[in-house]
Structures are given as structure tokens and as C-alpha cells.
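Structural overview
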Amino acid sequence: SGGTVFFVNDKDQQVYELTPPGLPQRITRSPHMRFADFAHDASRARLIAVTEVHSPQGHSGTHALPRNTLAAVSLAAQRGSVTELAGAHDFYASPRLAADGKSLAFVAWDLPDMPWDSATLYVAEVGSDGMPKRPRRIAGGNGSSVFQPEWGPDGHLYFTWDKTGWGHLYRWNGSKAVRVHGSAGAELWRPQWVFGTRCYALHPDGRFAAVSSVQGMPVMDIGKLTSGRAAAPRAPQDKAARIDDPLAAGDGFAALVTSAIATPAVMKLGRGGLHPITRTW
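From a predicted model like this one, the values you see are computed outputs, not experimental measurements.

Calculation rules
- Residues numbered from 1 in each chain as written.
- Predicted model: local features only at pLDDT ≥ 70, side-chain atom pairs only at ≥ 80, totals over all residues.
- Heavy atoms only, no water.
- Core = buried A, V, L, I, M, F, W, Y, C linked by side-chain atoms within 4.5 Å.
- Buried < 20%, exposed > 50% of the residue type's maximum accessible area, 1.4 Å probe, protein only.
- Helix = DSSP H or I, 4+ residues; strand = E, 2+ residues; numbered from the N terminus.
- Lys, Arg positive; Asp, Glu negative; His and termini not counted.
- Salt bridge = Lys/Arg side-chain N within 4 Å of Asp/Glu carboxyl O.
- Polar contact = N/O pair within 3.5 Å; in protein donor to acceptor, adjacent residues only side chain to side chain.
- Contact = heavy atoms within 4.5 Å.
- Pairing = 2+ DSSP bridges.
- Axes fitted to C-alpha atoms, helices over the stretch in contact; angles between N-to-C directions.
- Phe/Tyr/Trp six-rings, centres within 6.5 Å; stacked < 30°, edge-to-face > 60°.
- 1 Å grid on protein atoms, 1.4 Å probe; cavity = no way out; pocket = protein on both sides within 12 Å on 5 of 7 lines; lining within 4 Å.
- Points joined across faces, edges and corners; volume = space filled by probe spheres on them.
- Nonpolar A, V, L, I, M, F, W, Y, C, P; charged D, E, K, R; others polar.

What to know about the nonpolar core
The nonpolar side chains of a soluble globular protein tend to be buried with one another. Core analysis: the largest hydrophobic core is formed by 15 residues, its most contacted members being Leu121, Ile138, Val146, Leu157 and Phe159. Broken down by secondary-structure element, the contributors of at least two residues to this core are β9 (103-109), β10 (120-125), β11 (136-140), β13 (157-161) and β14 (168-172). Listed in part, the 14 residues of the second largest apolar core include Ala72, Leu85, Ala108 and Tyr122.

Written as C-alpha cells, this is what we have:
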């Protein structure tokens, strides 16, 4: 963000920053905590993260399980201090801050459910003190799952939801969830084994790219957020065994593409189909 990279060091599980050409600088000093899935809150000089809080006494007795929360890591005054923002659920993922900093979206779920069984999308207004107010349930839960919330270029919140039994792309317009893209037989969704996986991307020009699974094969569609209709180009099923983690890139989109007989490659989807960007694996 702004030329600075924020990351977690595997060795000590603490948060660091790197601004080239300088060296990495440690931010947090909380050995009983783990951090992941950042959102940069630039206006408040902080990171919002999913945290795992371990008991200093270890995993025994009443402290058998760590707590999972959403928390803010200060980048300014009291640098490295950690403030809990939410902790009512067993698990959290995908904290995403609106461009104006006034709304925080996140996904949460509770045992015995896994995130692919039932996961709920919430949005909370962020107060002047930086603390989220009472979260509002937007979608998911009760046996359905939400995945990958993202704030779009139009200021609306987008996400995938398996409400119908198939994962489709939806938009929250402030009062209801409206389906943008998807059809029966096409699965636009991913099981959330780890943080940060993606199945669609939003372009600043108002387009989206969605990677669905159709009869076990990937199909990447491009469409307009206003209409939801997919338009050429499309990545044909016979050219890829997997298409993962799409992102907006320049005037188009890029993704990690794997064929049945080759190692993964970063490729750009543009006019005429798929074009290799690099093959370094």
C-alpha cells in the first residue's frame, strides 16, 4: 500500500513492514498472537487483521483453544498496539474496508460449521473512534455460505453466495442482495481452506471477471457489473485445467492458469484469448 509492503514473518508470526530500499521493520510485539488477512486503513494509520489469540498459559485446561478475532494494529501512536474490534464468533475472515473508511465488511462462522457449511457476511459502520458499531447481517448463514466480499468501484459490496445451491456473484445495494452473475450448473465459489483465495475480480472500469467451475472444468467470463451479462473473451474449457486467483491487470484481467500438461503460468485474458505474462515456474 503506497509503496510499503505489510507482511507476517513466519518465524515469529509478527507483523512487519518493508519500504524499499530499506530493511523490514517489526511492528507488533505480541508473541501470543497470530495475524492474517490484512486490510489497510490508511486514514486511521492502522491495519485491520484476523487474529488468533493464544493463552500465555498454553493449550491446557480452560485455555485449550485460541480465540479468533478481528483487530486493529496501530501504525502511528502506540505503534504496534493491538485493539480488538470484534470477537463474538468462533472464526473470522476477509475484513474489507470501504473506500471511504466508513464501513467494514467481514465474514464469520461458528462451530460446528466450517466456512463451506455456513458462513455469514456482515457489514458494520465504523465510528469516529475507529470502532465498528453493531454489525448488520447481509447474507449467508443458516446453511448457506458467503465467500470473498469486495467493495466495488461503484461503492457497492460484492460477494459470492451459494444461496441457490450454486455459487453466484451478488451485489449489496444497501437494502438487498441482487444477483449479478451466475447460472445453475456453474459454481462460482471456493472452499475457504486458507485466507486470500479468489474466484472473481473487479476492474476499476466497471467490469468483472468470474472463474466458475462447469462440470469440473474452469470457465472465466468477463461481464459488466451494471448488466451482469458475460461478454467475450472467455477462457475455453479445453485450454486450462485450473484458473485461480483472478485480478484486474492493466486494461484487462490476469490469473494463474494451469493446463493438464504444464506447470502454472501467470496469464492475461484479453482479446483473442489467453496470453502468457510469465512462465517462471
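Examining the side chain of Arg171
Structurally, the position occupied by Arg171 is in strand β14. One buried charged residue, Arg171, remains without a salt bridge, the closest side chain of opposite sign being Asp154 at 4.7 Å. Looking at Arg171, its side chain comes within polar contact range of the side chain of Tyr158, at 3.2 Å. A polar contact is formed between the side chain of Arg171 and the backbone oxygen of Leu225, at a distance of 2.9 Å. Setting aside residues up to four positions removed in sequence, Arg171 forms contacts with Asp154, His156, Leu157, Tyr158, Phe159, Lys176, Ala177, Val178, Val180 and Leu225.

Quick word on the pattern of salt bridges
Under the defined criterion, the tally for this structure stands at 10 salt bridges. Close ionic contact of Arg26 with Asp12 constitutes a salt bridge, the shortest N to O distance being 3.9 Å. Taken as a pair, Arg26 in strand β3 (residues 25-26) and Asp12 in the loop between β1 (5-8) and β2 (15-18) lie far apart in primary sequence, 14 residues in all. With a shortest N-O distance of 2.8 Å, Asp41 and Arg46 are connected by a salt bridge. Like Asp41, the residue Arg46 is buried in the burial classification. Three or more residues are tied together by salt bridges with common partners; here these are Asp41, Arg44 and Arg46.

Here we look at the environment of Asp154
One can find Asp154 in the loop between β12 (146-151) and β13. The sequence separation of Asp154 and Gly206 amounts to 52 residues, and the corresponding C-alpha distance is 7.6 Å.

Remarks on the environment of Arg34
For Arg34, the position within the fold is in strand β4 (residues 33-41). Judged by relative accessible area, which is 27%, Arg34 ranks as partly exposed. When the C-alpha atoms of Arg34 and His54 are compared, they prove to be 8.2 Å apart, with 20 residues separating the residues in sequence. With residues near it in sequence (within four places) discarded, Arg34 still touches Gln13, Val50, Thr51, Glu52 and His54.

Looking at the sheet that holds strand β6 (residues 67-74)
Sheet strands line up and pair through hydrogen bonds in the backbone, either parallel or antiparallel. What the four strands build is an open sheet, ordered β4-β5-β6-β7; its pairing is antiparallel. Pairing within the sheet leaves two strands with one partner each, and these edge strands are β4 and β7 (82-86). Direction aside, the axes of adjacent strands within the sheet are offset by 35 degrees on average.

A short note on the packing of aromatic side chains
Throughout the structure, instances matching the rule amount to nine aromatic pairs. The rings of Tyr92, Phe106 and Tyr122 are connected pair by pair, giving a single aromatic cluster.

Let's talk about the pairing of β13
For β13, the tally of buried residues reaches five of five residues, placing the bulk of the element in the interior. Burial of β13 is two-sided: the residues Leu157, Phe159 and Trp161 facing one way and the residues Tyr158 and Thr160 facing the other way are all buried. Bridge count for β12 against β13 is four bridges, and the pairing is antiparallel. Within β13, the residue paired with Val146 across the bridge is Trp161. Between β12 and the antiparallel strand that follows it, β13, lie five residues; Gly155 among them carries a positive phi value of about 85 degrees.

Considerations on empty space enclosed by the protein
Tallying each qualifying case throughout the model produces one cavity of 30 Å³ or more. Empty space within the largest cavity amounts to approximately 40 Å³. Together, Val107, Trp109, Pro115, Trp116, Ala119, Val146, Phe147, Trp189, Arg190, Pro191 and Gln192 line the largest cavity. Residue assignment for the lining of the largest cavity shows that the elements contributing at least two residues are β9 and β12. Looking at the lining of the largest cavity residue by residue, the class counts come to nine nonpolar, one polar and one charged.

Some thoughts on the side chain of His89
Mapped onto the elements, His89 comes out in the loop between β7 and β8 (91-97). Among the polar contacts listed, one links the side chain of His89 to the side chain of Asp110, at a separation of 2.9 Å. Contact partners of His89, with chain neighbours within four places excluded, come to Asn68, Ala108, Trp109, Asp110 and Tyr122.

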